[in-house]
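Spelled out from the first residue to the last, the chains are:
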Amino acid sequence: MYTQALNSRDDTPAAIRPAEELELEARFQARVDAEERIEANDWMPAAYRKTLVRQISQHAHSEIIGMLPEGNWITRAPSLRRKAALLAKVQDECGHGLYLYAAAETLGVSREELTEQLLTGRAKYSSIFNYPTMSWADIGAIGWLVDGAAIMNQIPLCRCSYGPYARAMIRVCKEESFHQRQGYEIMLTLCRGSEEQKAMAQDALNRWWWPCLMMFGPPDAASQHSDQSTKWKIKRFSNDELRQKFVDATVPQAQYLGLTLPDPDLRFVPDEDGDGTTGHWAYGEIDWDEFKQVIAGNGPCNRDRLAARNKAHAEGEWVREAAMAHAAKRRARQQAA
Amino acid sequence: MATNTIRVNESPLVLYCLRRADDALVMGHRLSEWCGRGPALEEEMALANMGLDLLGQARSLYTYAAEVEAAGNDEDRYAYLRDARQYRNLLLAEQPNGDFARTILRQFFYAAFADPYWRAMMKSSDPTLAAIAAKSEKESAYHLRHTAEWVIRLGDGTEESHRRAAEAVAHLWPYTGEMFEADAAEQELIAAGVVMDPASFRAEWDKTVSEILAEATLEKPAPGWMQKGGRTGLHSEHLGHMLAEMQVLQRTYPDATW
Amino acid sequence: MTKTVTPLWEVFIRSRNGLSHKHVGSLHAADATLALQAARDVYTRRGEGLSIWVVPSNAITASDPGEKGMMFEPAETKIYRHPTFYEVPNEVGHM
């Protein structure tokens, strides 16, 4: 679904690197600047590799953890049509996690290692999935808002300088095109329904709006890593740029639903160029303390999410072992024959 | 707030459709319970695909039942507004997922029946049922292939997987007989060439199951007492819990649109 | 905690329009049969394929990007291998 801008820089200062490496780096940067794609076997700076492994695996972890809040409602979906759509959507997220783990693996780290990083809590994933889905409207809100935010972030990633990541993102974006519509349709149906249903939709919007804005990561002023990622063409837009695009796209959608965004400071600022065609929705102060707490493991569901993945992994171990044991037996029989 | 449980006029054809639809829905629901819990991401994809196939089969069959009954019911009213006593699925279908072996064996036993059954049903004199069968047959064929491969790997894998698979076979075996039953209502349809006699698939089912269990080094249980009742709405205690969860929104907010 | 390491496979799919098999991604599976089924379940959910190949990732030998010059540049100067190198008068028509 979405990776959050959480990485911090850890590249070695240029001064202590040998001349040969600096030359390789210059050539690498020239290729990136020329919009060439970097492929798995190409030379790349160690810090580029490390940044990508972290970003792609965080993205993959987010997809996998992201299955849980929505999976929470598959068995309670209120119609068979909704049930099938939701199961297909959550299945897509599993697929997206899988594509992304595969993209990360091209950089020399195994699925098993990445999984272990997630399960031990060493790896991060998008903060949004640490909030609970309490009502059916949350499924609508997630599809509409969380997937909407994800699309904002993921479309530029289709042009990321690292080929395997960019290709995975193209596939993800193509498949995800129904996710946001699915969510919005749920919201629309609720908003056209009974008073109780409309209240359910408003309550979901109230709870998900601010965490969705946090999904884009810290404000540009506080973001440590954006410069380098931008130079490497991993990142094409800043956190604040993407957040603004999301707000601008979402406000009219909320108005159409007849819902109120839970931000008293939200107001339209007409375009300063005076051409009258565009403008922006200014939004209120985001509670970055809450964001930090959720990232640090103190969100409402952090523990539950990790516990659920750990349980699935532990309970699946004997199955994975059995498959490998059987494959070994077959090979042995073939060799004996 | 009035109770919103529906009443269904179960003509033989409506009853037939509901029985098959309930099988598919209940198993599809069970498979959807695996979401986020699978042993590997690849297998989560497979379980969800099977679940979606079964949900699709259920929806087609309910829709046809509604058309035949012509009493204003639809797929969702059948699924969400009937109580456990009105559900007509096999007891096998409602067996809880248990561990991966239990789920795989449950789906394998069913698919080993459903695959030849739907293939034969493509010749039904009822064109709607024949069309549903044509779609279901391909899906069931893959379910059989996939689950059979897993039965072999679990049975002939590690000591632990063999033990778990053997337990699953032993647990589920008494629920396999019900698949081959047909009551008077169904016999009527069989005589008319609308549906196939499930009993006529027993030999093929036996052969498939014997072959796969043998390859999996699992023992095939001796013929013995078989549980039944699902087809007439006499269920295990598991179904009620499943329906309570599945139907919660429709039951809490009667007549709402979702 | 993670004991079992499941091998990696590369997946190639021939799509509907009769093209050759194309690399679409990778997955993990214990053996070829499971890999093929997983490829079907993961990579053809929207009717993307008519045929699937799976290949163990470690069976692929790749060219060295460092030798790109030696491997591929010599071909770039052989322009006489392309039809546009030759002049045929317009009157002759399409050739």
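This text goes with the structure placed above it.
Quick summary incoming for the structure in this document. Quick caveat: nothing in here was measured; it's all calculated off a predicted structure.

1. Thoughts on a negative patch on the surface
Residues and elements named next belong to chain A.
Thought 1: Residues Asp265, Glu285, Asp287, Asp289 and Glu290 make up a contiguous surface patch of negative charge.
Thought 2: One can find Asp289 in helix H10 (residues 288-298).
Thought 3: You can call Asp289 exposed: its relative accessible area is 54%.

2. A word on helix H2 (residues 46-71) of chain A
Thought 1: Spanning 26 residues, H2 of chain A covers 37 Å between terminal C-alpha atoms, matching the ideal 38 Å at 1.5 Å per step.
Thought 2: Among the 26 residues of H2 of chain A, 22 are classified as buried, and the element is accordingly described as predominantly covered.

3. Some points on the interface of chain B and chain C
Thought 1: Facing the 10 residues of chain B at the interface are 11 residues of chain C.
Thought 2: Counting each side, the surface lost to burial between chain B and chain C is near 1000 Å², with a carbon and sulfur contribution of 54%.
Thought 3: Summed over the three residues of chain B that lose the most area to chain C, namely Glu42, Met45 and Tyr142 of chain B, the buried surface amounts to 52% of that side.
Thought 4: Across the pair Arg153 of chain B and Asp31 of chain C runs a salt bridge whose closest N-O atoms are separated by 2.8 Å.
Thought 5: Remark: the boundary between chain B and chain C carries 6 residue pairs in polar contact (both at pLDDT 80 or more).

4. A few points about unusual backbone geometry
Thought 1: For Glu35 of chain A, which is not glycine, the phi dihedral falls at a positive 65°.
Thought 2: Topologically, Glu35 of chain A is positioned in the loop between helix H1 (19-33) and H2.
Thought 3: In this model, Asp255 of chain B sits at a positive phi of 70°, which is unusual for a non-glycine residue.

5. Quick notes on the pairing of strand E2 (residues 279-282) of chain A
For a regular strand, side-chain orientation follows a simple rule: the groups alternate between the two sheet faces.
Residues and elements named next belong to chain A.
Thought 1: The alternating pattern of E2 places Gly279 and Trp281 on a buried face, while none of His280 and Ala282, on the opposite face, is buried.
Thought 2: Bridge analysis of strand E1 (residues 267-270) against E2 gives 4 bridges, and the strand direction is antiparallel. When the bridges of E2 are listed, Arg267 appears paired with Ala282.

6. Here we look at helix H6 (residues 127-155) of chain B
Side chains of residues three or four places apart in an α-helix project in the same direction, reflecting 3.6 residues per turn.
All names here are of chain B.
Thought 1: Over its 29 residues, H6 extends 40 Å from the first C-alpha to the last, a length consistent with the 42 Å expected when each residue adds 1.5 Å.
Thought 2: The axis of H6 is deflected most strongly, by about 25°, at Ser136.
Thought 3: In terms of burial, H6 is a largely internal element, 21 of the 29 residues being buried.
Thought 4: Sitting at the head of H6, Asp126 places a side-chain oxygen 2.9 Å from the backbone nitrogen of Thr128.

7. Digging into a nonpolar patch on the surface
Residue and element names in this part refer to chain C.
Thought 1: A contiguous nonpolar patch, built from Ile79, Tyr80, Phe85 and Tyr86 and spanning about 430 Å² of accessible area, is present on the exposed surface.
Thought 2: For Tyr80, the location among the structural elements is in the segment after helix H2 (68-76).
Thought 3: With relative accessibility at 42%, the residue Tyr80 sits in the partly exposed group.

8. Here we look at the side chain of Arg305 of chain A
Thought 1: Relative to the helices and strands, Arg305 of chain A is located in helix H11 (residues 302-336).
Thought 2: There is no salt bridge for the buried Arg305 of chain A, and the closest opposite charge comes from Asp304 of chain A, which lies 5.9 Å off by N-O distance.

9. As for the pattern of salt bridges
Residues and elements named next belong to chain B.
Thought 1: In total, this model carries 49 salt bridges over all chains according to the counting rule given.
Thought 2: The residue Arg82 makes a salt bridge to Asp22 at a minimum N-O spacing of 2.6 Å. Here Arg82 is found in the loop between helix H3 (75-80) and helix H4 (91-94), whereas its partner Asp22 is found in helix H1 (residues 12-32), with 60 residues between them in sequence.
Thought 3: Residue classification places Arg82 among the buried residues on the basis of a relative accessible area of 0%.

10. Points about the side chain of Thr44 of chain C
All names here are of chain C.
Thought 1: By the element assignment, Thr44 lies in the loop between helix H1 (32-43) and strand E3 (51-56).
Thought 2: Given the relative accessible area of 18%, Thr44 is considered buried.
Thought 3: Within the structure, the side chain of Thr44 is placed 2.6 Å from the backbone oxygen of Arg40, a separation counted as a polar contact.
Thought 4: Apart from the residues lying within four places of it in its own chain, the contact partners of Thr44 are Ile13, Ala39, Gly49 and Ile52.

11. Examining the packing of helix H6 (residues 163-191) of chain A against helix H7 (residues 195-214) of chain A
Residues and elements named next belong to chain A.
Thought 1: Two elements in contact, H6 and H7, have axes separated by 7 Å at closest approach and are oriented at 140°. One finds that H6 runs oblique with respect to H7. When H6 is examined against H7, the residues Met187, Leu190 and Cys191 are found in contact with a partner set consisting of Gln197, Lys198 and Ala201.
Thought 2: Its residues assigned to classes, the contact of H6 with H7 shows 4 nonpolar, 1 polar and 1 charged.

12. Regarding the sheet that holds E3 of chain C
All names here are of chain C.
Thought 1: Spatial strand order, E2-E1-E3: 3 strands in an open sheet with antiparallel pairing. One side of each edge strand has no neighbouring strand; the edge strands of this open sheet are strand E2 (22-28) and E3. Between one strand and the next, the sheet's axes are offset by a mean angle of 30°, whatever the strand orientation.
Thought 2: In this structure, strand E1 (residues 8-14) lies alongside E2, joined through 6 bridges in antiparallel fashion. Across the sheet, residue Trp9 finds its bridge partner in E2, namely Leu27.

Calculation criteria
The numbering scheme is per chain: residues are counted from 1 as the chain's sequence reads. To label them, take the chains in the order written and letter them from A, then take the ligands in the order written and number them from 1. Two thresholds apply to this predicted model, a pLDDT of at least 70 for residue-level local features and 80 or more for giving and counting side-chain atom pairs, whereas whole-chain, interface and lining totals are computed over all residues. Note: side-chain values were computed over all heavy atoms of the structure, leaving out hydrogens and water. Only residues above 30% relative accessible area that lack a salt bridge enter a patch, with like-charged residues linked at up to 9 Å and the nonpolar side chains Val, Leu, Ile, Met, Phe, Trp and Tyr linked at up to 5 Å. With residues, only the protein chains shown are counted as cover, and all accessible areas are computed by Shrake-Rupley using a 1.4 Å probe. Throughout this description, the term salt bridge denotes a Lys or Arg side-chain nitrogen within 4 Å of a carboxyl oxygen of Asp or Glu. For the charge count, each Lys or Arg is scored as positive and each Asp or Glu as negative, with His and the chain ends excluded. All charge positions are set by atom: Lys at NZ, Arg at CZ, Asp at CG, Glu at CD. A run of H or I in DSSP counts as a helix once it spans at least four residues, and a run of E counts as a strand once it spans at least two, with each numbered from the N terminus. Burial classification: accessible surface area is computed with a 1.4 Å probe over protein chains only, and a residue below 20% of its type maximum counts as buried, one above 50% as exposed, and the rest as partly exposed. Here a helix's expected span is defined as the number of its residues, less one, multiplied by 1.5 Å. Two residues qualify as a contact provided that any one of their heavy atoms is within 4.5 Å of a heavy atom in the partner residue. A quick way to say it: buried area is the sum, across both parts, of accessible area lost when two parts are put together, with a 1.4 Å probe. N or O atoms closer than or at 3.5 Å make up a polar contact, with two conditions inside protein: a donor-capable atom paired with an acceptor-capable one, and, for residues adjacent in sequence, both atoms drawn from side chains. One requirement defines pairing of two strands: DSSP has to find at least two bridges between them. Note that the bend at a residue is defined as the angle between axes fitted to the seven residues ending at it and the seven residues starting at it. Lines are fitted to the C-alpha atoms to define the axes, a helix being fitted only along its stretch in contact, and any angle between axes, read from their N-to-C directions, falls within 0 to 180 degrees. In what follows, roughly perpendicular refers to angles from 65 to 115 degrees, roughly parallel to angles under 35, roughly antiparallel to angles over 145, and oblique to any angle outside these ranges. In the scheme used here, Gly and all other residues not listed as nonpolar or charged are polar, with Ala, Val, Leu, Ile, Met, Phe, Trp, Tyr, Cys and Pro taken as nonpolar and Asp, Glu, Lys and Arg as charged.

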